Amino acid sequence: MKDENVVRDKSMAFAVRIVRLYKYLSEQHEQVMSKQVLRSGTSIGANVREALYGQSKRDFTAKMSIALKEAAETEYWLELLNKTGYLEKEAYQSVLSDSQELCKLLTAIVRNSK
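This write-up is about the structure you can find in this document. (Residues numbered from 1 in each chain as written. Predicted model: local features only at pLDDT ≥ 70, side-chain atom pairs only at ≥ 80, totals over all residues. Heavy atoms only, no water.)

Remarks on the pattern of salt bridges
Charged atoms that come close allow side chains of opposite charge to pair. Scanning the entire structure with this criterion turns up 7 salt bridges. A salt bridge links Asp-98 to Arg-17, with the shortest nitrogen-to-oxygen separation between them at 2.5 Å. With a gap of 81 residues between them, Asp-98 in helix H4 (residues 89-113) and Arg-17 in helix H1 (residues 6-27) connect regions that are remote in the sequence. Judged by its relative accessible area of 28%, Asp-98 falls in the partly exposed class. With a closest N to O distance of 2.3 Å, Arg-39 and Glu-73 form a salt bridge. (Salt bridge = Lys/Arg side-chain N within 4 Å of Asp/Glu carboxyl O. Helix = DSSP H or I, 4+ residues; strand = E, 2+ residues; numbered from the N terminus. Buried < 20%, exposed > 50% of the residue type's maximum accessible area, 1.4 Å probe, protein only.)

Right under this line is the structure:
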């Protein structure tokens, strides 16, 4: 693994941000959606990291595809949190922007690895 890997680093930074969001939502006494966004948002980086150590190109592509699916699911939970008033518009737009950037990166990686 190279010292500098954009998708690895961005997915880790995003996971840290999601953990902080989870802590905030827990303080607001929101339990269900916060756990879902925590699970999917941190899973992105875990799958990216696993892909980087994949046993084959096919394994790499499969793990990156899972990371992309988790990123899309995270966007769903973020939107739901915003629409139900647990996540203010400004915070929502900021974290959504990071998620969309990850989706674009992951989409390009999956397309190029096939």
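Some points on the nonpolar core
In terms of nonpolar packing, the biggest core is built from 24 residues, with Val-37, Ile-44, Met-64, Leu-78, Leu-87 and Leu-106 touching the most fellow members. At the level of secondary structure, the elements contributing two or more residues to this core comprise H1, helix H2 (32-52), helix H3 (57-83) and H4. Of all the elements, H4 adds the most residues to this core, at 7 residues. Filtering out sequence-adjacent residues up to four positions away, Leu-87 remains in contact with Leu-21, Leu-78, Leu-81, Asn-82, Tyr-92 and Val-95. (Core = buried A, V, L, I, M, F, W, Y, C linked by side-chain atoms within 4.5 Å. Contact = heavy atoms within 4.5 Å.)

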